[in-house]
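# Topology and contacts: notes
Here is what each chain is made of, one letter per residue.
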Amino acid sequence: RYGGITVKTSSSAGGTLIADKNYVAEGDSVTFTLVPSDGYKASGFTVNGADKFAELTDGKYTVESVTETVTAEATFSPKAAFTIKVEGGKYQINKTSKTVYEGDTVYIVPSVPEGKIIKSVTFNGQPMTYNESTSRYEYENVTGDGTIVITYEDATETPADNDETPAEEKGGCGGKAAVAISSLFSLVAAAFVIKK
């Protein structure tokens, strides 16, 4: 059943503030969720006039033990947009868009030419992380314009391995050699944050 205490929400353009209930009984809790629109970020949040922005966790805030009408307000502001350039090879980047927003993850799926493997994929000179589950190279939390550089090398056998390479290692995605190389990048990439 509905409680007798009203929950009110309002938000600026660029996003939505959602309450998990519109009415609460005294002593119950209510949780608010800030949902920015594409290209926007949450920039302010108050409950009954008190600034609670710093207390948000993953865009959520819970008022415990409600005793009076709860009025929550959220404000949203445009994210900064950054341009990403790519050098080398064929690729797909962030759904083919070369504009990403602050805090976004930039990702790229390079195609591998016949007889080549990926040597490196970098963003502003720093290795990008290879995500095995999505088969793409990623860089998290973009904070400025950047350039992705893809380099290739010949997929040659090592002298100690004169056997025919098994078919499953010859795939068009660069095979296991590319995965092994990119796995090294993932260890390094986590240590870097892009500076403006």
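In what follows, the structure referred to is the one given above.
It should be emphasised that the depicted structure is a prediction, and the values quoted were computed from it without experimental measurement.

## Here we look at the sheet that holds strand 11 (residues 99-101)
Within the open sheet, the five strands sit side by side as 11-9-17-13-14. Their pairing is mixed. A strand with exactly one partner marks an edge of an open sheet, and here the two such strands are strand 11 and strand 14 (126-127). As judged from the two bridges shared by strand 13 (residues 116-123) and strand 14, these two strands associate in the antiparallel manner. Paired with Thr 122 across the two strands is Pro 127, which belongs to strand 14.

## Re the side chain of Thr 33
Here Thr 33 is to be found in strand 4 (residues 30-36). Here Thr 33 is in contact with Thr 16, Leu 17, Ile 18, Gly 59 and Lys 60, once residues within four sequence places are set aside.

## Description of the packing of aromatic side chains
The full count for this structure, using the stated rule, is four aromatic pairs. Ring-pair connections join several aromatic residues into one group, and the members of that group are Phe 32, Phe 45 and Tyr 61. Seen from the ring of Tyr 107, Arg 136 lies directly overhead, with NZ or CZ sitting 3.6 Å from the centre.

## What about the pattern of salt bridges?
By the definition in use, this model includes six salt bridges. With a closest N to O distance of 3.8 Å, Lys 21 and Asp 20 form a salt bridge. Classification of Asp 20 by relative accessible area gives partly exposed; the value is 48%. For Asp 104, the salt bridge is made with Lys 79, and the minimal N-O distance between the two is 3.4 Å. Of this pair, Asp 104 sits in the loop between strand 11 and strand 12 (106-110) while Lys 79 is found in the loop between strand 8 (70-78) and strand 9 (81-87), placing the two residues 25 residues apart along the sequence. Residue Asp 104 is classed as partly exposed on the basis of its relative accessible area of 23%. Overall, Lys 79 belongs to the partly exposed group, its relative accessible area being 22%.

About the criteria used
- Residues numbered from 1 in each chain as written.
- Predicted model: local features only at pLDDT ≥ 70, side-chain atom pairs only at ≥ 80, totals over all residues.
- Heavy atoms only, no water.
- Pairing = 2+ DSSP bridges.
- Helix = DSSP H or I, 4+ residues; strand = E, 2+ residues; numbered from the N terminus.
- Contact = heavy atoms within 4.5 Å.
- Phe/Tyr/Trp six-rings, centres within 6.5 Å; stacked < 30°, edge-to-face > 60°.
- Lys NZ or Arg CZ within 6 Å of the ring centre and 35° of its normal.
- Salt bridge = Lys/Arg side-chain N within 4 Å of Asp/Glu carboxyl O.
- Buried < 20%, exposed > 50% of the residue type's maximum accessible area, 1.4 Å probe, protein only.

Distances and angles like these do not, on their own, reveal function.
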